[in-house]
Structures are given as C-alpha cells and as structure tokens.
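The lines below spell out each chain.
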Amino acid sequence: MAARGRPFRCERAPSGPIPLTIILKYTWRHLSCMILGISGSPRNQATEYVLGQALKMLEERGHPTELFSVRGKEIGFCRHCDYCLKNKECYFEDDMYTLYPLLRESRGLVIATPVYNGGLSAQTKAVMDRCRALFAAEIDVLRGKAGMAIAVGGDRMGGQELAIQQIHAFYILNGMLPVGGGSFGANLGATFWSRDTLDGVQEDGEGARTLRKTVRRFAEVLERVEGDGGR
Ligand SMILES: Cc1cc2nc3c(=O)[nH]c(=O)nc-3n(C[C@H](O)[C@H](O)[C@H](O)COP(=O)(O)O)c2cc1C
C-alpha cells in the first residue's frame, strides 16, 4: 500500500516469462493501487455493463481496476448489533468479507447503481451500511480517496441524480472526494437511460457522454491526488 506522504506510483508488469514471486509482487501492487468499481445491480445488465465501460476507460488511462458486483453474492443488511464496534469486524461472515479488503486497498471508488424507486438500489445501500464494520476497524480507511458515481434508470429522468447524491453523501461522510462530470453535460456524474435493457443502455449516446466526462474528471483528480503524495 502507498505510504502516506510518499508520491504514489503504479508500475507496469514486465514482459516475457514471469516467475511466481514477480506475479505475487505485481498482484499485490495492482491491488494496492487499483480503482475499485462496485456494481449494485443483481443482474448482469445495464449497470454492470456501464461500470465495465468506466473501468475500461480508466485502464486505458493507466489506472488498474477491479470490479466487484453484488450479483449472485450474499450481502445481508446491517443489523446494528454493534458487534463491529467492539470487535473491529462484522459479525456476519458473508460476501462483504471479499469486498472489505478491496475497499481497504483501493485508491478510488466508482459506485454504480441501478435506480430503484427514485434512488439507489437496496443492494448498493446494504454495501454502504455494512461498511460500518470497516470504519469501526479503521475510521479513516477511505479518507482522501476519490469517488465517482454512475446511476442507471429505466426512465430518462427516473431518479438518477438523487441516486448519485446518495452515493456522494457516502463519499462525503467518509472523508472522500466526490467527483462529478461538470456542468454542460454530466453535472453530478454519469447518468444513463436503459429503457430496462442492455441494448437500451448501449444506445444511450448521451449517457455515454456523461460517463466520458465524469471519468475524465475523476482521472484528473486521481492524478492530482497522486501528485500530492496521496494527501
Ligand atoms: C424495484 C425496481 C424499481 C425501479 N425503479 C425505477 C425508478 O424509480 N426509476 C427508473 O428510472 N427506473 C427504475 N427501475 C428500472 C431500473 O432502474 C432499470 O431497469 C435499470 O436498467 C436496472 O439496472 P440493470 O439493468 O443493471 O439491472 C426500477 C427497477 C426495479 C427492479
């Protein structure tokens, strides 16, 4: 993991036959400098697709990425049992235990949610609430990291901006830097109109524009934070 106060540098893996020790070394380096994308959709449809596009754009700009989807995972709601406050870990050993180390090691987040009832999905919210255990163990674990948001609705104006604001609130509460796409096109972040299908989201040229603008700004912030030594 990048040490505080030291400029963050991601290196590329060498070409040619690679010994196991080097593979392990680069796997560790990759995990410790990657941008984590989280899809809050239970389906492999529009949300996961556009998140994949966002991560591809970031990879093309030299930022390693990992994608975690809630699809097919067991992620229960936070029960507010406060076990984590005493024990610094969650009582429920479900698939959040795969996500916790990824969140810890990431240097930025891209949270993508489908729009459900005018806001984010219950799955996305469950992930956020279960982060209480992560913060109980290390309050500043996400502090200073950049975050962008993607919302995909079946309607053109179905609540995408409210869903993004809910994701931004999570970023702000935890000391992160929420990044929007800027006025004249993307505003708070990437917003898509899927018409409830994968084909629909792939045909949403305006949504794709909001994604490009947001990813560009997000990458700029990542590079600036890196230039400041991650502070
Ligand atoms: C329970 C539920 C509630 C939904 N509510 C909304 C809504 O309020 N606004 C909207 O635009 N779309 C709504 N949708 C449609 C989804 O946002 C849309 O189909 C989206 O593409 C789903 O993401 P996915 O393709 O990744 O599954 C809802 C879908 C479900 C299942």
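### A few points about the site of the ligand
Here comes step 1: Residues in close proximity to the ligand total 19 residues, the closest being Q45, P114, G153, G154 and G158.
Here comes step 2: Among the elements that make up the shell around the ligand, the one with the highest residue count is helix 2 (residues 46-60) (3 residues).
Here comes step 3: Residue composition of the shell around the ligand, by class: 5 nonpolar, 10 polar and 4 charged.

### Details of unusual backbone geometry
Here comes step 1: A positive phi angle, close to 65 degrees, is found at K88, a residue other than glycine.
Here comes step 2: Structurally, K88 is set in the loop between helix 3 (83-87) and helix 4 (96-105).
Here comes step 3: A positive phi angle is found at N187, which is not glycine, with a value near 50 degrees.

### Some points on the pairing of strand 2 (residues 65-69)
Here comes step 1: Taken together, the 5 bridges between strand 1 (residues 35-39) and strand 2 define a ladder with parallel strand orientation. Bridging from a neighbouring strand, I38 pairs with F68 of strand 2.
Here comes step 2: Once the chain exits strand 1 it traverses helix 2 before rejoining the sheet at strand 2, and the crossover so formed is right-handed.

### Section: the packing of helix 2 against helix 9 (residues 205-227)
Here comes step 1: At a closest axis distance of 10 Å, the pairing of helix 2 and helix 9 adopts a crossing angle of 45 degrees. Between helix 2 and helix 9, the interaxial angle falls into the category oblique. The two elements helix 2 and helix 9 meet at a crossing, and its hand is right-handed. Each of V50, Q53, A54, M57 and L58 in helix 2 lies in contact with helix 9, whose residues at this interface are L211, V215 and A219.
Here comes step 2: Split into classes, the residues belonging to the contact of helix 2 with helix 9 amount to 7 nonpolar, 1 polar and no charged.

### Section: the nonpolar core
Here comes step 1: Counting 50 residues, the largest nonpolar core has V50, A54, V110, I150, V152 and I167 as its most contacted members.
Here comes step 2: Among residues more than four places away in sequence, those in contact with I167 are I111, T113, L120 and A149.

### Some words on the environment of T65
Here comes step 1: Its place among the elements puts T65 in strand 2.
Here comes step 2: Excluding residues within four positions of it along the chain, T65 makes contact with M34, I35, G37, L55, L58 and E59.

### Points about helix 7 (residues 160-173)
Here comes step 1: The terminal C-alpha atoms of helix 7 lie 20 Å apart, and with 14 residues this matches the ideal 20 Å at 1.5 Å per residue to within 8%.
Here comes step 2: Turning to helix 7, its buried residues are Q160, A163, I164, I167, H168, F170 and Y171. For helix 7, the buried positions fall inside an angular range of 150 degrees around the axis, keeping them on one side. Residues of helix 7 that are exposed and point over 90 degrees away from its buried face: A169 and L173.
Here comes step 3: Tucked inside the fold, the buried residues of helix 7 contact strand 3 (108-114), helix 5 (122-130), strand 4 (146-153), strand 5 (177-178) and strand 6 (190-193).
Here comes step 4: Following helix 7 by one or two positions, G175 adopts a phi angle in the positive range, close to 75 degrees.

### Some details on the pairing of strand 3
Here comes step 1: By the criterion of burial, strand 3 is predominantly enclosed, with 7 of the 7 residues buried.
Here comes step 2: Residues G108, V110, A112 and P114 line one face of strand 3 and the alternating positions L109, I111 and T113 line the opposite face, and both faces are buried.
Here comes step 3: With 5 bridges joining them, strand 1 and strand 3 adopt parallel strand pairing. Each bridged residue has a counterpart across the sheet, and for I38 the counterpart in strand 3 is I111.
Here comes step 4: As paired strands, strand 3 and strand 4 are joined by 7 bridges and run parallel to one another. Looking at the pairing, P114 lines up with V152 of strand 4.

Rules behind the numbers
- Residues numbered from 1 in each chain as written.
- Predicted model: local features only at pLDDT ≥ 70, side-chain atom pairs only at ≥ 80, totals over all residues.
- Near = placed C-beta within 6 Å.
- Helix = DSSP H or I, 4+ residues; strand = E, 2+ residues; numbered from the N terminus.
- Nonpolar A, V, L, I, M, F, W, Y, C, P; charged D, E, K, R; others polar.
- Pairing = 2+ DSSP bridges.
- Right-handed = clockwise from strand over helix to strand, strands pointing away.
- Axes fitted to C-alpha atoms, helices over the stretch in contact; angles between N-to-C directions.
- Parallel < 35°, antiparallel > 145°, perpendicular 65-115°, else oblique.
- Left-handed = near helix turned anticlockwise from the far one by under 90°.
- Contact = placed C-beta atoms within 7 Å.
- Core = buried A, V, L, I, M, F, W, Y, C linked by C-beta atoms within 7 Å.
- Buried ≥ 20, exposed ≤ 12 C-beta atoms within 10 Å, placed from the backbone.
- Expected span 1.5 Å × (residues − 1).
- Arc of directions from axis to C-beta.

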